[in-house]
Amino acid sequence: MLDFDGLVADTEVLWLAVLTRLYRSLSQELPHDRYVASIGGTLQDFNPFEDLAARCGTISAAELELRGENLFRTWMTYEAPLPGVRRLVTQAERIGLPLAIASSSRSASVIPHLESFGLLDSFSVVVTSEDVPRVKPAPDLYLRAAQRLGVDPTGILAFEDSHRGVRAATAAGALCVAVPHVLSRTHDFSDAALRLDSLALCDVEDLLLLPADR
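Residues numbered from 1 in each chain as written. Predicted model: local features only at pLDDT ≥ 70, side-chain atom pairs only at ≥ 80, totals over all residues. Heavy atoms only, no water.

Visitor: Quick rundown of the overall build of the protein? Include the residues and the values.
Guide: When helices and strands are counted, the protein shows 9 helices and 5 strands. Helices and strands in the protein line up, N terminus first, as α-α-α-α-α-β-α-β-α-β-α-β-β-α. Here the C-alpha atoms of the protein give a radius of gyration of 17 Å, agreeing with the 17 Å that 2.2 N^0.38 yields for 214 residues. The C-alpha extent of the protein, read off along each of the three principal axes, is 55 × 30 × 30 Å. With 214 residues in all, the protein has 50% of them scored as buried. Taking the contacts inside the protein whose residues are at least 6 apart along the sequence as the reference set, 61% of them involve residues at least 24 apart. Of the roughly 10,100 Å² of accessible surface on the protein, 50% is carried by carbon and sulfur atoms. Charged side chains in the protein number 19 positive and 29 negative. The centres of these two groups are separated by 3 Å. (Helix = DSSP H or I, 4+ residues; strand = E, 2+ residues; numbered from the N terminus. Rg over C-alpha atoms; globule rule 2.2 N^0.38 Å. Buried < 20%, exposed > 50% of the residue type's maximum accessible area, 1.4 Å probe, protein only. Contact = heavy atoms within 4.5 Å. Areas by Shrake-Rupley, 256 points an atom, 1.4 Å probe, with all protein chains shown as cover. Lys, Arg positive; Asp, Glu negative; His and termini not counted. Charge placed at Lys NZ, Arg CZ, Asp CG, Glu CD.)

Visitor: Outline the pattern of salt bridges, listing residues and values.
Guide: For the structure shown, the criterion picks out 11 salt bridges. R24 is the partner of E29 in a salt bridge, and the nearest nitrogen-oxygen pair spans 3.1 Å. Taking relative accessible area as the criterion, R24 reaches 52% and is therefore assigned exposed. Counted as one network, the salt bridges with shared partners bring together D3, K136 and E160. (Salt bridge = Lys/Arg side-chain N within 4 Å of Asp/Glu carboxyl O.)

Visitor: Account for the nonpolar core, naming residues and giving values.
Guide: The biggest cluster of nonpolar side chains holds 49 residues, and the ones touching the most others in it are L2, V8, Y35, I101, L114, F123 and F159. Contributing elements (two or more residues each) for this core: α1 (11-25), α2 (32-38), α3 (48-56), α4 (61-76), α5 (85-94), β3 (157-160), β4 (175-178) and α9 (204-207). Here the element with the most residues in this core is α1; it accounts for 7 residues. Every residue in contact with F159, bar those within four places of it in the chain, is listed here: M1, L2, D3, L7, L88, Y142, V177, V179, L199, C202 and L207. Among the nonpolar cores identified, the runner-up in size contains 21 residues, and V132, A146, C176 and A192 belong to it. (Core = buried A, V, L, I, M, F, W, Y, C linked by side-chain atoms within 4.5 Å.)

Following this line, the structure appears as structure tokens:
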């Protein structure tokens, strides 16, 4: 089971670039540390559009969010899955493992991109923020995805790029592999069973041999 943002696609870094441009267009600087700390969460953890609107006082958060979303969608058309994603999907399909996405983002921020990557049909289940009362670090996304797959949550092998994601997966009882990206490398991944620098280093069959209590 995979997270989407920062794990399947390099969206966290892309959003950093989008927000940096948006802030600077209004002569402001994005609070980098607050953004990094919020990775894996939602706008409730840190809302850059409300922050920027409050700093400027001349434009609404809704208008800023629209500008940011438009720029993000434009830049996403040039993106591809992160290294190792396609190989992991191919390996899982070859050995008959069902695949799922568990993301704190909205479905509109996940499904169109999976489709553009040609990966949507590879995932039996896609669970997003609309499907659960609580997002990560709560375990709800993983529990709902396990329910839809018809598997016990303790049988899940999860891949996460953030501290919140790892906490969510382990709270559900899943075995979690942390795969940090350049922005989340300072997060606490002590609850993960294993840490990899990239999914390109991942071999699914080897990971299935990890002890469940590791």
